[in-house]
Structure formats: structure tokens, C-alpha cells
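An overview of the molecular structure
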Amino acid sequence: MNDIRNINHLLNKWQQSIVEFLPKVLLALIVLISFYFVAKFFRNFGQKFYPKIFKSKPEAVKIIASFIYFFFLFSGAFLALEVLGLESLLTKLLAGAGIVGIVAGFAFKDIASNAFAGFLLNVQHPFKIGDWVEIDNTFGVIENISLITTSVKTVTGQEVFIPNQLIYNNTFTNYSTYGKRRIVLKSGVSYGDDLTKVKSVALDEVNKIDSLLKNETIDFYYTDIGASTYNFEVRFWINFKHQKDFLEAKSDIIIRIKKRFEDENISIAYNVTTLDFDVKGGVNIFDKPIHTKTQ
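Let us look at the structure shown here. Keep in mind the model is a prediction, meaning the values are calculated, not measured.

**Topic: helix 7 (residues 243-263)**
An α-helix turns once per 3.6 residues; consequently, residues spaced three or four apart project the same way. Its 21 residues place the ends of helix 7 31 Å apart at the C-alpha level, agreeing with the 30 Å of an ideal helix rising 1.5 Å per residue. Here the buried face of helix 7 lies against strand 1 (132-135), strand 2 (138-145), strand 6 (180-189), helix 6 (195-206) and strand 8 (230-239). Positive backbone phi, approximately 60 degrees, marks Asn265, located one or two places after helix 7.

**A word on a nonpolar patch on the surface**
Side chains of Leu26, Leu29, Leu32, Ile33, Tyr36 and Phe37 sit close together on the surface and give an oily, nonpolar patch of about 560 Å² of accessible area. Tracing the backbone shows Leu32 in helix 1 (residues 2-49). Judged by relative accessible area, which is 36%, Leu32 ranks as partly exposed.

**Brief notes about the nonpolar core**
Val198, Phe236, Ile253 and Phe261 are the most contacted members of the largest nonpolar core, which totals 25 residues. Broken down by secondary-structure element, the contributors of at least two residues to this core are strand 2, strand 6, helix 6, strand 8 and helix 7. Sort the elements by how many residues they give to this core and helix 7 lands first, with five residues. Two domains each provide a minimum of three residues to this core, namely domain 2 (131-174) and domain 3 (180-264). Ile135, Val152, Ile162 and Ile167 belong to the second-largest nonpolar core, a separate cluster that totals nine residues.

**Re the packing of aromatic side chains**
Inspection of every chain in the model, using the stated rule, returns seven aromatic pairs. With a centroid separation of 5.1 Å and 80 degrees between ring planes, the pair formed by Phe220 and Tyr222 is classed as edge-to-face. Under the relative-accessibility criterion, Phe220 is labelled buried at 7%. For Tyr222, a relative accessible area of 32% translates into the label partly exposed. One aromatic cluster is present, formed by Trp132, Phe139 and Tyr175 through successive ring pairs. The ring of Trp237 is capped by Lys180, whose NZ or CZ atom sits 4.8 Å from the centre of that ring. If you follow Arg181 out to its NZ or CZ, it ends over the ring of Phe246, 3.9 Å from the centre.

**Observations concerning helix 6**
Compared with an ideal rise of 1.5 Å per residue, which puts 12 residues at 16 Å, helix 6 spans 17 Å between its outermost C-alpha atoms and is within 8% of the ideal. Within helix 6, burial applies to Val198, Val201, Ala202, Glu205 and Val206. In a view along the axis of helix 6, the buried residues occupy a sector of 135 degrees, so they form one face of it. Structurally, helix 6 contributes buried residues whose contacts are with strand 6, strand 7 (219-225), strand 8 and helix 7.

**A closer look at the sheet that holds strand 5 (residues 172-174)**
Strand order in the open sheet formed by five strands is 4-3-2-1-5, with antiparallel pairing between adjacent strands. Of all the strands in the sheet, just strand 4 (159-163) and strand 5 have a single pairing partner and so form its edges. Between one strand axis and the next, the sheet turns through 40 degrees on average, direction left out of account. Where strand 2 lies against strand 3 (residues 149-154), five bridges are found, and the strand directions are antiparallel.

**Regarding the pattern of salt bridges**
Within this structure, the stated rule accounts for 14 salt bridges. For Arg260, the salt bridge identified is with Asp204, shortest N-O distance 2.7 Å. With Arg260 in helix 7 and Asp204 in helix 6, this residue pair connects regions lying 56 residues apart in the sequence. The exposure class assigned to Asp204 is partly exposed, which follows from its relative accessible area of 32%. Counted as one network, the salt bridges with shared partners bring together Lys197, Asp204, Glu205, Lys208, Asp252, Arg256, Arg260 and Glu264.

Thresholds applied
- Residues numbered from 1 in each chain as written.
- Predicted model: local features only at pLDDT ≥ 70, side-chain atom pairs only at ≥ 80, totals over all residues.
- Heavy atoms only, no water.
- Helix = DSSP H or I, 4+ residues; strand = E, 2+ residues; numbered from the N terminus.
- Expected span 1.5 Å × (residues − 1).
- Contact = heavy atoms within 4.5 Å.
- Patch = residues over 30% accessible without salt bridge, like charges linked within 9 Å, V, L, I, M, F, W, Y side chains within 5 Å.
- Areas by Shrake-Rupley, 256 points an atom, 1.4 Å probe, with all protein chains shown as cover.
- Salt bridge = Lys/Arg side-chain N within 4 Å of Asp/Glu carboxyl O.
- Buried < 20%, exposed > 50% of the residue type's maximum accessible area, 1.4 Å probe, protein only.
- Core = buried A, V, L, I, M, F, W, Y, C linked by side-chain atoms within 4.5 Å.
- Domains from an automatic or database assignment.
- Phe/Tyr/Trp six-rings, centres within 6.5 Å; stacked < 30°, edge-to-face > 60°.
- Lys NZ or Arg CZ within 6 Å of the ring centre and 35° of its normal.
- Arc of directions from axis to C-beta.
- Pairing = 2+ DSSP bridges.
- Axes fitted to C-alpha atoms, helices over the stretch in contact; angles between N-to-C directions.

Read these as spatial facts, not as claims about activity.
In C-alpha cells:
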């Protein structure tokens, strides 16, 4: 009899608990369903709004929209647990999430840094696909820009993947920004050449370059008096879309100056060594006949 009474008492207690707990369950379900629709609304809103910012990066739109969606879902789940009176479970979940978050933070620190750098790249647009750049000592053309890495195709035909955080941790150069590039050619002429004539001839040949930008200034400077040369450099701007534009223009001006200097009897100087045969002030071996002693 006592066993039957205990079972009846337990069943009555369960029934009372269920009756008291049922409204909380219904309220928790309402909270979950409400947050689900809120999450879905903001995800759809983000998928329509963010493409205006990330025009060329649909994967970025998906990631941000998914983040917003799961944020509202988890918020609804935590609030539902609190409605059910499961604060202790919620506290344990939050504590566990904190520990997991710390561990994950260390594990995914670099990934997060690269992703944030990729986000900045998509906002600032310092370069685009097809631009010629030099990043982390890698020179080539941009092939792809993702949230984690940027791929560059080098002039030797390899594809190099550069972590995005390296782009913002170091300086990088975009050669395609202005659509033009400056060529600086350095050389030297001998002491016996007319420097005014050398300048005139060099500038005349530069003006014959096909890709020369006529509206930009051509600069010519003598930069140094060397051991056996007067050193100069000539600077001019060309249209730039591809690396071959730069190489072809530089090759062209070298060929032109070399040929024109030959025609004008101008010497592209090289290092000269003078031999001193123990004569005061030195002597040219062609000034006097050379005599040798015979036994």
C-alpha cells in the first residue's frame, strides 16, 4: 500500500510540475520561433543590402549574412533557456563557450586576422584583379582576392598565395593605379664627349618612343663624375597596362641611345685602367717607342 501511495504522490507531483512548466515551454517556443523569423529577416535583408558594398565578392555577403543569422538564433536559444528557468545550464553553456572561445581564439587567430584584412581589402579596394603589384617581395598580376588570401601570378608563371594580413602588415606597391609608369635609365659617357650634345641626343631619342606620354615631363640629369665617366640618368613616363609595356619601352630606349651615340661618335664609357711605368705623372705607351734590352 505504501508503494502505491508513493507512486500516486509522485505522479501527482509530476502532473503539477508539468502544468506549472507548460506555460514556460510555450513561451520559450514563442521566443525561439520569433528569433528564428527575426534571424531570417535580417539574413535576407543583408543578402540584398551588402552586395552593394561587396559588388565583386558574393562569398563575403554569404559569410556576413550567415553570421547575423546565427547570432539571432543563438540569442533566441539562450533567452529560451532563461525563460525555462535553466539559468544554471545557461551559465555552464556560457562558461563552456568562453573556454572554447579562448581556445578557438588562439587556434584561429591568424585566420581571423586574414579574414579581417580581406574585409578591409574589399572595402578599400587598394588593388583589383589584373593589377600589377609587388606584395611581400612578390611581383606579378593579381589573380584573385578572397577573404583569407590574395593570389598573385608571377612573371615566371607561378601562382603565389599571400595571406591578407601580410598586405596590411607591410608596404605594397600597385603599379597599375595611375595607368602609367616611369622609366629611369642610367648610363655614362666619356670625359671627351660634349655633355650638351649628349643631353640633346638622348632627349631626342626618348621622344621617339611609341608609348611615351607626351604630356609628361622628360627629365635628364648628370648625376655624378665617375672614375672615368660623366654619369647621367634620363626619366620619362609611358602608358602602362602590362609589364611588357615597361620592358619593351626600356629595351627600345637602350637600343635607340646605343645606336644614336654610335652615329654621333659619343662613347658610352666603361672603366679605364691606366698603367704607370714608374714615370712621374704617368706616360702613354704610345707616346714614345718602346725599347727592350737584349742580352
